[in-house]
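# Examination of the molecular architecture
So you can see what is in the structure, the chains are spelled out below.
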There are 6 protein chains.
Amino acid sequence: MHIRVINPNTTTDMTSAIGEAARLIAAPGTHVTTTQPAHGPVSIESHFDEAISAVGVLEEVLTGEREQVDAYVIACFGDPGLQAARELTRAPVIGIAEAAFHMASLISTRFSIVTTLGRTGIIAEHLLDQYGFRHHCRRVRAAEIPVLDLEENADAALDRVITECQRAKEEDNIGAIVLGCGGMAKLTGQIRDAVGLPVVEGVTAAVKLAEALAGLGLQTSKHGDLAFPRPKSFVGRYEHLSYLDLQSKDRG
Amino acid sequence: MHIRVINPNTTTDMTSAIGEAARLIAAPGTHVTTTQPAHGPVSIESHFDEAISAVGVLEEVLTGEREQVDAYVIACFGDPGLQAARELTRAPVIGIAEAAFHMASLISTRFSIVTTLGRTGIIAEHLLDQYGFRHHCRRVRAAEIPVLDLEENADAALDRVITECQRAKEEDNIGAIVLGCGGMAKLTGQIRDAVGLPVVEGVTAAVKLAEALAGLGLQTSKHGDLAFPRPKSFVGRYEHLSYLDLQSKDRG
Amino acid sequence: MHIRVINPNTTTDMTSAIGEAARLIAAPGTHVTTTQPAHGPVSIESHFDEAISAVGVLEEVLTGEREQVDAYVIACFGDPGLQAARELTRAPVIGIAEAAFHMASLISTRFSIVTTLGRTGIIAEHLLDQYGFRHHCRRVRAAEIPVLDLEENADAALDRVITECQRAKEEDNIGAIVLGCGGMAKLTGQIRDAVGLPVVEGVTAAVKLAEALAGLGLQTSKHGDLAFPRPKSFVGRYEHLSYLDLQSKDRG
Amino acid sequence: MHIRVINPNTTTDMTSAIGEAARLIAAPGTHVTTTQPAHGPVSIESHFDEAISAVGVLEEVLTGEREQVDAYVIACFGDPGLQAARELTRAPVIGIAEAAFHMASLISTRFSIVTTLGRTGIIAEHLLDQYGFRHHCRRVRAAEIPVLDLEENADAALDRVITECQRAKEEDNIGAIVLGCGGMAKLTGQIRDAVGLPVVEGVTAAVKLAEALAGLGLQTSKHGDLAFPRPKSFVGRYEHLSYLDLQSKDRG
Amino acid sequence: MHIRVINPNTTTDMTSAIGEAARLIAAPGTHVTTTQPAHGPVSIESHFDEAISAVGVLEEVLTGEREQVDAYVIACFGDPGLQAARELTRAPVIGIAEAAFHMASLISTRFSIVTTLGRTGIIAEHLLDQYGFRHHCRRVRAAEIPVLDLEENADAALDRVITECQRAKEEDNIGAIVLGCGGMAKLTGQIRDAVGLPVVEGVTAAVKLAEALAGLGLQTSKHGDLAFPRPKSFVGRYEHLSYLDLQSKDRG
Amino acid sequence: MHIRVINPNTTTDMTSAIGEAARLIAAPGTHVTTTQPAHGPVSIESHFDEAISAVGVLEEVLTGEREQVDAYVIACFGDPGLQAARELTRAPVIGIAEAAFHMASLISTRFSIVTTLGRTGIIAEHLLDQYGFRHHCRRVRAAEIPVLDLEENADAALDRVITECQRAKEEDNIGAIVLGCGGMAKLTGQIRDAVGLPVVEGVTAAVKLAEALAGLGLQTSKHGDLAFPRPKSFVGRYEHLSYLDLQSKDRG
């Protein structure tokens with residue numbers, strides 16, 4: 001199967017790192033390709049960044065559809081554009097926040113999230129509510145490092161993430177930690193070793209969930225609220241999205 | 001005060017109709033201007049449409065900031081881009097879904113929503129959850145009419161909306177109805193007369209809430225998760241969003 | 001329009017202070033009158049005080065109805081008698097706790113409440129649950145000052161409230177503070193200046209919400225559970241409430 | 001032990017009927033006395049009636065305190081004045097709605113409520129939320145009979161209640177029915193026989209819970225939010241409530 | 001009436017202590033017998049222990065049915081086998097966790113639980129959720145003592161429980177404490193005296209609730225999901241459970 | 001990897017059918033073995049059956065541990081013994097109800113469950129609450145067929161399941177259906193074809209989730225409440241469970 005991992009930000013180093021993490025975890029028969037929007041922010045650290053990045057994610061899904069991609073991973077912890085992406089395809093689409101929450105709840109009864117900047121905690125809280133994991137998460141913690149520090153200041157960033165994970169282990173009465181940023185994918189092993197607790201990372205979790213759904217022959221439902229969008233006119237720079245013929249080209 | 005009503009879709013007739021409803025309800029000292037994105041869908045009937053439209057909404061807020069607008073209304077019932085827009089400004093930003101929910105809960109204990117297409121019901125459900133009104137809403141109903149029928153097929157559309165509102169009145173054990181589409185703003189009076197129940201419409205509700213916040217001297221909090229986004233590079237067609245200098249130009 | 005602000009306790013100094021805050025915030029066309037029950041407690045600091053005060057509130061609403069008042073504000077943070085008052089009139093009735101919660105949730109994602117005595121925190125908790133704001137409120141805090149100290153010991157009381165607000169700002173991961181007592185209305189400006197965070201006060205918030213509803217032509221629903229009470233006999237000191245002819249005199 | 005059953009309305013026939021039901025169920029060592037407010041409505045069918053009746057309930061508790069009553073039952077399904085009454089005494093105070101909910105949840109996993117008038121359903125909904133039984137109750141149903149019809153039109157009323165209970169049994173996927181009015185206490189046996197399902201009635205349930213708490217030596221907590229109210233001045237017709245010396249006379 | 005108190009673990013000293021607590025609290029006409037499984041763990045400190053003990057509990061209920069027992073108490077704070085036990089009999093079955101939660105919520109608005117080992121806290125959390133008391137419980141605390149220390153190291157254990165209860169009183173903003181282990185039944189008085197707060201213990205609470213239900217003539221519903229299990233074959237060591245003829249021997 | 005699928009009931013035909021479904025879905029490198037308890041009920045249709053079956057499940061996990069099994073699937077929709085099983089091993093343990101809920105929520109926003117007997121619906125409701133999927137499930141439906149009819153009356157049973165699934169599709173406003181019984185595993189394809197909606201079946205879902213966790217190197221947390229049980233004495237027929245030396249033999 002062909003999984004397209006979409007890094008919603010436009011930093012190629014992060015796309016590479018995410019792609020490497022994804023490839024390392026992928027099953028033998030899984031072909032992982034990566035991409036990033038042609039248009040958008042270099043990192044996602046706010047609702048604003050997230051809203052802009054969602055468009056790029058959706059365009060990458062449309063591209064993927066022309067290439068008959070089998071499943072998509074949205075590799076930013078806010079799951080930008082997730083439900084919209086699901087409307088565009090029968091292929092499964094998995095966000096890394098939801099993937100991590102699901103997996104963490106299968107190996108522990110309660111977890112904490114360790115994310116980058118505290119201001120994005122509210123995004124995680126909203127997702128926990130929407131997905132149903134509010135009571136499984138004891139606390140949303142932040143290491144207070146900008147996302148790109150995970151690339152540019154890797155050692156210092158890693159230290160701060162590990163420190164916050166250790167605090168979570170000691171104070172939060174939890175069984176597992178969820179890493180709250182796609183940029184942490186490559187650090188998972190080091191964090192896991194340092195903290196001594198199951199550490200769930202979303203990119204890898206999402207790849208395995210995508211494989212699992214594919215194995216089950218389960219595709220995104222086209223019955224009801226995730227049906228293909230009604231074709232219509234888009235104007236201006238989104239004119240290319242006009243009258244998308246998704247229904248008739250549907251492989252499902 | 002100057003309220004900018006942003007119609008998130010690109011249909012000028014709807015912008016006009018929304019603007020008219022807003023102006024009719026505005027207080028004497030309130031100056032209402034309207035706008036719509038230069039780029040985006042002609043109507044919003046899916047998560048996909050909504051995600052694209054959010055970018056346009058945010059660009060309109062940035063434009064408004066340069067014009068020292070005092071408050072913004074996002075006039076689509078999914079409240080696209082709401083939290084992101086709040087990050088961009090100290091001015092209050094009100095979504096019409098939240099506005100309608102708030103107002104309906106002040107004059108009734110339970111309400112139902114009557115929206116256009118059933119597939120958008122899930123968007124309303126997610127907002128009810130996030131905002132806290134899940135238990136105040138008895139039922140999300142759909143008249144099953146495309147949004148633009150409210151413009152192009154106005155009479156038939158009105159009939160169907162009224163019929164669904166009457167069903168809600170008879171079956172749902174409610175005190176009020178919330179209209180679930182900005183395009184219904186101009187029909188509020190007719191629906192209210194036909195149904196004999198308080199009918200809450202979001203565009204008008206949002207204008208009055210914006211005036212209320214302005215009167216209170218309350219602005220969007222810049223402490224914590226709605227602080228101005230960190231300036232950063234955007235690439236491609238969003239390059240103009242790079243290094244937005246919102247903090248230093250802050251009037252707050 | 002004519003807004004009647006009802007101070008549910010019988011302390012005239014507090015009625016004056018609340019009235020002054022209300023008048024300062026009212027729109028040009030709004031006529032604010034104040035009143036307080038002829039019968040009841042001098043301050044409201046318990047369920048017991050609240051239950052007694054509710055009767056006085058309801059009698060003031062009945063008086064207001066004879067004077068064709070356009071909207072009512074119940075100026076005690078427990079919103080005593082709120083739903084009952086709504087049954088007596090088509091005019092909007094706004095409690096200051098609900099008003100503050102609604103407004104705070106429009107300018108921040110999470111807030112804390114700072115109230116007078118800790119023992120009244122449970123009342124706020126019950127209201128947060130009933131209204132739907134449980135998850136928007138991070139914490140209910142108390143300055144542990146008796147209500148009347150806000151009048152009689154104003155400086156010391158203000159200090160303690162500000163201190164508690166500052167703690168909330170530092171510890172609670174919030175964007176705004178809700179003041180948990182009508183007696184704090186006159187202190188809002190000073191607290192806001194000292195704390196450097198949006199501070200939402202209920203009396204002023206309620207006045208603006210009442211104006212907003214009036215502007216929208218929205219009245220308390222008489223369909224369903226807020227309909228006028230069935231006329232009936234009352235005995236003893238409440239005999240004057242017997243066979244209230246609210247339905248037939250209804251202006252709606 | 002001495003249980004005081006307070007009928008919150010002023011209809012002596014209902015007080016008698018409730019008292020009879022209470023006495024029939026009381027344990028040998030339990031002395032049941034009944035009372036009703038000197039002041040208040042003849043029946044409770046709205047928030048308004050309930051707010052007025054709460055004062056009468058509280059005055060009856062104060063009277064009971066002088067008589068060293070051991071426990072109180074508030075015999076109206078809205079539990080008027082419940083938390084306030086608890087503040088006035090160390091004796092347990094039980095509302096009949098809460099009593100019925102607790103007992104029903106011990107013999108079934110899900111129940112429905114059958115009450116008198118539909119408009120009071122919202123009161124039951126608010127109590128279910130506050131007490132924690134929202135998910136145990138499948139549906140709040142109304143026979144649509146005025147409360148006093150249970151006295152004056154007993155046969156017709158009984159028929160309608162039974163019919164609604166049978167509907168609940170057939171349609172609601174429940175294990176038990178909760179009767180939603182103190183006036184139904186005397187009908188419990190007939191309803192139970194006719195419906196063939198456990199039928200939980202609140203007056204009797206509350207008497208047994210009061211006995212149970214007494215047997216356990218458990219009294220209303222005076223630590224925290226149910227502590228005795230702070231003594232203070234009351235004016236007008238409530239002057240007799242001024243400076244209540246509950247703390248110092250405390251038997252606890 | 002005849003109440004059978006089932007100690008789900010196999011430690012006879014604990015069965016005796018629990019039985020003594022039950023007998024001391026029972027009403028004059030109540031006959032308390034105790035039992036413990038012939039097969040199972042000596043203490044219950046994990047999901048695993050609890051699952052094994054549930055079978056023993058069920059076998060004891062079946063034995064009780066042959067002896068026409070009137071009500072059952074399951075005397076372990078995880079309420080092992082509770083819903084299953086209810087299927088086997090019309091007699092009321094009360095778990096000590098639920099009993100304590102119900103009683104605590106009648107005398108306080110918020111409580112904390114003090115249990116033995118922290119690892120069992122998740123069991124209490126799941127029960128709070130299922131029963132509806134999540135918001136009534138401020139915190140689940142553990143004294144971190146093994147269950148059998150309550151027998152074998154009674155003094156040291158008592159000290160640690162009291163210390164944790166005192167912390168709860170000081171820090172948790174509560175009105176009552178729930179003891180989280182059947183083995184604490186005999187210590188209730190000492191804890192209550194030391195802590196100065198209502199202390200609710202489940203064995204005694206369950207006995208009184210069982211008496212209360214019996215007094216009300218309320219039995220476990222056999223309509224719907226608690227009906228007698230369908231008779232069927234069991235193999236191996238559970239062969240004696242095959243084709244249980246509960247329905248036809250039903251005394252109800 | 002080696003996945004042990006445990007059929008919690010003792011019907012070998014069902015074990016075979018479940019095993020076949022599991023093997024068909026397993027990845028090339030996955031070795032699936034099946035087992036069933038030596039002791040227990042032939043089908044699970046009540047809390048009682050479930051409680052008995054849980055012991056058998058746990059014994060099978062202990063057997064599996066001696067054989068170094070890599071993951072376990074508990075193939076009954078009530079997930080009997082799930083948390084207890086997790087305590088016994090570092091290997092992932094997946095219940096088929098949770099597996100189905102997780103997968104259904106990844107391809108749809110709302111689903112309904114179609115189970116065998118209505119009386120087991122409450123078990124599903126409790127699991128939905130505990131796992132966090134309450135709001136994702138619109139309705140729990142029953143075909144009202146005994147579990148073993150899926151083996152013995154396969155055609156008629158299939159018809160009834162399909163009919164109920166079609167009703168769910170038409171009436172419930174859903175995107176997917178969850179099959180509520182392990183015995184339906186072999187029918188998934190036929191149901192899917194007949195209903196035209198994604199149909200999620202738990203046995204297969206659990207196998208893929210187990211593979212996914214294994215691929216991620218994620219094991220059941222031994223930190224906190226899922227740690228190995230404390231070794232202790234068991235008496236009677238469970239004596240073989242005494243002093244299990246899980247910690248010291250731990251491969252983790």
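Residues numbered from 1 in each chain as written. Chains lettered and ligands numbered in written order. Predicted model: local features only at pLDDT ≥ 70, side-chain atom pairs only at ≥ 80, totals over all residues. Heavy atoms only, no water.

Looking up chain A in an unreviewed UniProt entry gives the name Hydantoin racemase, with the organism given as Litchfieldella anticariensis. Here chain A is described in UniProt, under the heading Sequence similarities (unreviewed entry), as follows: "Belongs to the HyuE racemase family." (UniProt positions renumbered as here; feature names shortened; annotations may be inferred.)

Turning our eyes to something else, we now look at the sheet that holds strand β8 (residues 176-179) of chain D. Residue and element names in this part refer to chain D. Strand order in the open sheet formed by four strands is β7-β6-β8-β9, with parallel pairing between adjacent strands. A single partner strand is all that each edge strand has here, and the edge strands are β7 (137-142) and β9 (199-200). Of the pairings in the sheet, the one linking strand β6 (residues 111-115) to β8 comprises four bridges and is parallel in character. Across the sheet, Ser112 pairs through a bridge with Ile177, a residue of β8. (Pairing = 2+ DSSP bridges. Helix = DSSP H or I, 4+ residues; strand = E, 2+ residues; numbered from the N terminus.)

Residues and elements named next belong to chain D. What the rule picks out here adds up to 111 salt bridges over all chains. For Glu98, the salt bridge identified is with Arg86, shortest N-O distance 2.6 Å. With Glu98 in helix α4 (residues 96-107) and Arg86 in helix α3 (residues 82-87), this residue pair connects regions lying twelve residues apart in the sequence. Classification of Glu98 by relative accessible area gives buried; the value is 2%. Here Glu151 makes a salt bridge to Lys186, at a shortest N to O gap of 3.0 Å. Placement of the pair is Glu151 in helix α6 (residues 149-152) and Lys186 in the loop between β8 and α8 (188-195), with a sequence separation of 35 residues. (Salt bridge = Lys/Arg side-chain N within 4 Å of Asp/Glu carboxyl O. Buried < 20%, exposed > 50% of the residue type's maximum accessible area, 1.4 Å probe, protein only.)

Attention now goes to the packing of aromatic side chains. Summed over all chains, the structure comprises 33 aromatic pairs over all chains. Relative to Phe133 of chain D, the ring of Phe101 of chain D lies with its centre 5.8 Å away and its plane at 55 degrees, an arrangement referred to as tilted. Taken as a pair, Phe101 of chain D in helix α4 and Phe133 of chain D in the loop between α5 (121-131) and β7 lie far apart in primary sequence, 32 residues in all. A relative accessible area of 0% means that Phe101 of chain D is categorised as buried. Following the ring pairs from residue to residue traces out a cluster consisting of Phe77, Phe101, Phe111, Tyr131 and Phe133 of chain A together with Phe77, Phe101, Phe111, Tyr131 and Phe133 of chain F. The ring of Phe228 of chain E has Lys222 of chain E sitting right over it, with the charged end atom 4.4 Å from the ring centre. (Phe/Tyr/Trp six-rings, centres within 6.5 Å; stacked < 30°, edge-to-face > 60°. Lys NZ or Arg CZ within 6 Å of the ring centre and 35° of its normal.)

A separate point is the relation of the copies chain B and chain D. After a rotation of 120 degrees and a shift along the axis of 0.0 Å, chain B superposes on chain D with an RMSD of 0.0 Å. In the structure described here, the two chain copies are related by an operation that fits a three-fold rotation axis. By C-alpha distance to the rotation axis, the residue of chain B lying nearest is His135 of chain B, at 7.0 Å. (Least-squares fit on C-alpha atoms with pLDDT ≥ 70 in both.)

Counting residues at the interface gives four residues for chain B, matched by four residues for chain D. For the pair chain B and chain D, the summed buried area comes to about 400 Å², and 38% of that belongs to carbon and sulfur atoms. Per-residue buried area on chain B facing chain D is highest for Thr109, Arg110 and His135 of chain B; these three make up 79% of the total on that side. Across the chain B-chain D interface, the total number found is two salt bridges. Salt-bridge contacts for Glu125 of chain D lead to Arg138 of chain B; the nearest nitrogen and oxygen are separated by 2.7 Å. There are three residue pairs in polar contact (both at pLDDT 80 or more) connecting chain B and chain D. (Contact = heavy atoms within 4.5 Å. Buried area = accessible area lost by both parts, 1.4 Å probe. Polar contact = N/O pair within 3.5 Å; in protein donor to acceptor, adjacent residues only side chain to side chain.)

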